[in-house]
Amino acid sequence: MRSGRIVLDCGPFSAPTAGTVDHLARLCVAAHRCDCELELTNADAGLLDLIDFAGLADVLRVEVQRHAEQREHPLGVEEEGELGDPAAG
């Protein structure tokens, strides 16, 4: 267990980029070198998606939760084909 904790409010990150994730990863490494943990708070879905995409969710210790979007009608796959197309059968 780390002896200290650094809490970073991510709420002000209005438009996070890959650079934002890079900076967070560097902060995390620096915190670990100082025997601290970096805790991210108020991270929006865009930032969490970028962290997950970069494969850093475990390193930055954030939990990316995916919720199914609510839709009026379930979407299905529709295929088109020509009348003479055997696959359209």
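Thresholds, definitions, all that
Residues numbered from 1 in each chain as written. Predicted model: local features only at pLDDT ≥ 70, side-chain atom pairs only at ≥ 80, totals over all residues. Heavy atoms only, no water. Salt bridge = Lys/Arg side-chain N within 4 Å of Asp/Glu carboxyl O. Helix = DSSP H or I, 4+ residues; strand = E, 2+ residues; numbered from the N terminus. Buried < 20%, exposed > 50% of the residue type's maximum accessible area, 1.4 Å probe, protein only. Pairing = 2+ DSSP bridges.

Caption draft 1: Seen up close, the pattern of salt bridges. The tally for this structure, following the rule as stated, stands at two salt bridges. Of the charged contacts in the structure, one is a salt bridge between arginine 5 and glutamate 39, with a shortest N-O distance of 3.2 Å. Of this pair, arginine 5 sits in strand β1 (residues 4-9) while glutamate 39 sits in strand β2 (residues 36-41); the two residues are 34 residues apart in sequence, bridging distant segments of the chain. Relative accessible area serves as the criterion here: at 30%, glutamate 39 is assigned to the partly exposed category.

Caption draft 2: Geometry of the pairing of β1. Taken together, the six bridges between β1 and β2 define a ladder with parallel strand orientation. Across the sheet, residue isoleucine 6 finds its bridge partner in β2, namely leucine 38.

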